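Each chain, written out:
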Amino acid sequence: MSGKGFGQRQPTKIDKIVESAVRYCQQQQPEALDQIFDNLPVKLNQQVLNGTVAALKKDIDSLSWLCGYFASEINSTSDNDKPYHPITLLSKLLIKSGMQPFIDFMPYIGCRIPILNNEKFEALPPRVQAAVKEAFDVVETSGEEAQRINEALLRELEV
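I will try to describe carefully the structure that is included in this document. (Residues numbered from 1 in each chain as written. Predicted model: local features only at pLDDT ≥ 70, side-chain atom pairs only at ≥ 80, totals over all residues. Heavy atoms only, no water.)

1. So, the packing of aromatic side chains
Applying the stated criterion to the full structure yields four aromatic pairs. Consider the rings of phenylalanine 70 and phenylalanine 102, whose centres lie 5.5 Å apart with planes at 80°: the pair is edge-to-face. Separated by 32 residues along the polypeptide, phenylalanine 70 in helix α4 (residues 60-70) and phenylalanine 102 in the loop between α5 (86-96) and α6 (118-122) bring together distant segments of the chain. (Phe/Tyr/Trp six-rings, centres within 6.5 Å; stacked < 30°, edge-to-face > 60°. Helix = DSSP H or I, 4+ residues; strand = E, 2+ residues; numbered from the N terminus.)

What follows is the structure in structure tokens.
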């Protein structure tokens, strides 16, 4: 008699979807991610996104690629062949500097990254702040504007 799986929690549907999403990020397959995120209700999309980000926490390359995907920098597999992805590179820099995507900064459609945690950004080493400001237009917005951005992103996930 095999004890395989006995007493262990069986993976849920969300666990299986997260596992697929993680694999698609590691393999850089945006069309496959589209199939996941375009066909789930918003609440499940959020769970899958949270699970995927958590699973990729130590895989900075795949996590920063996911940020580029969510910022619409990477829409098709052929986009992976382009030599320069500014949002992906910025995401990687911010992650390596201790900021967390979707918590401290938000990759946003239109190749933008709103900084959600201004205090954490201001605590980054001056060379990191300078690199960000040199490479990107840094625009300060109010909390209300940040809330509108978050709501717009959620509406995009609903579509």
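That was the structure; now back to the text.
2. Quick notes on the pattern of salt bridges
Following the criterion strictly, the structure yields three salt bridges and no others. Salt-bridge contacts for aspartate 79 lead to lysine 82; the nearest nitrogen and oxygen are separated by 3.1 Å. Using a relative accessible area of 8% as the deciding quantity, one classes aspartate 79 as buried. Note that lysine 120 and aspartate 104 form a salt bridge whose closest N and O atoms lie 2.8 Å from each other. With a gap of 16 residues between them, lysine 120 in helix α6 and aspartate 104 in the loop between α5 and α6 connect regions that are remote in the sequence. Here lysine 120 falls in the partly exposed class, since its relative accessible area comes to 27%. For aspartate 104, a relative accessible area of 3% gives the class buried. (Salt bridge = Lys/Arg side-chain N within 4 Å of Asp/Glu carboxyl O. Buried < 20%, exposed > 50% of the residue type's maximum accessible area, 1.4 Å probe, protein only.)

3. Brief notes about the environment of asparagine 117
Note that asparagine 117 resides in the loop between α5 and α6. Sequence-distant contacts of asparagine 117, that is, excluding residues within four places in its chain, are made with Met99 and Asp104. (Contact = heavy atoms within 4.5 Å.)

4. Structural notes on the packing of helix α1 (residues 13-26) against helix α2 (residues 30-37)
It is the contact of α1 with α2, at a shortest axis distance of 8 Å, that shows an interaxial angle of 155°. Relative to α2, the element α1 lies roughly antiparallel. Crossing geometry of α1 relative to α2 is assigned as left-handed. Two secondary-structure elements touch here, α1 through Ile17, Ser20, Ala21, Tyr24 and Cys25 and α2 through Ala32, Leu33 and Ile36. Classifying every residue of the contact of α1 with α2 by side-chain character gives seven nonpolar, one polar and no charged. (Axes fitted to C-alpha atoms, helices over the stretch in contact; angles between N-to-C directions. Parallel < 35°, antiparallel > 145°, perpendicular 65-115°, else oblique. Left-handed = near helix turned anticlockwise from the far one by under 90°. Nonpolar A, V, L, I, M, F, W, Y, C, P; charged D, E, K, R; others polar.)

5. Notes on the nonpolar core
Of all hydrophobic cores here, the largest spans 37 residues; its most connected members are Leu33, Ile36, Phe37, Val48, Leu66 and Leu94. Contributing elements (two or more residues each) for this core: α1, α2, α3 (42-55), α4, α5 and α7 (126-135). Among the elements that take part in this core, α1 stands out by supplying seven residues, more than any other. Non-local contacts of leucine 94, meaning those with residues more than four positions away in its chain, are made with Met99, Phe105, Ile113, Ile115, Phe121, Leu124 and Val132. (Core = buried A, V, L, I, M, F, W, Y, C linked by side-chain atoms within 4.5 Å.)

6. Quick word on the packing of α5 against α7
Each pair of packed helices can be summarised by the angle the axes make with each other and by the distance between the axes. Running from amino to carboxyl end, α5 crosses α7 at an angle of 165°, the nearest separation of the two axes being 11 Å. When the axis of α5 is compared with that of α7, the two are roughly antiparallel. Like other packed secondary-structure pairs, α5 and α7 cross with a definite hand, here left-handed. Contacts between α5 and α7 involve Leu90, Leu93 and Leu94 from the first element and Val128, Ala131 and Val132 from the second.

7. Remarks on α2
Taken as a whole, α2 has its buried residues at Pro30, Ala32, Leu33, Ile36 and Phe37. When α2 is viewed along its axis, its buried side chains cluster within an angular range of 155° and face the same direction. (Arc of directions from axis to C-beta.)

8. Overview of unusual backbone geometry
Even without being a glycine, serine 72 presents a positive backbone phi close to 65°. Mapped onto the elements, serine 72 comes out in the loop between α4 and α5. Phi is positive for phenylalanine 102, which is not a glycine, with a value near 70°.

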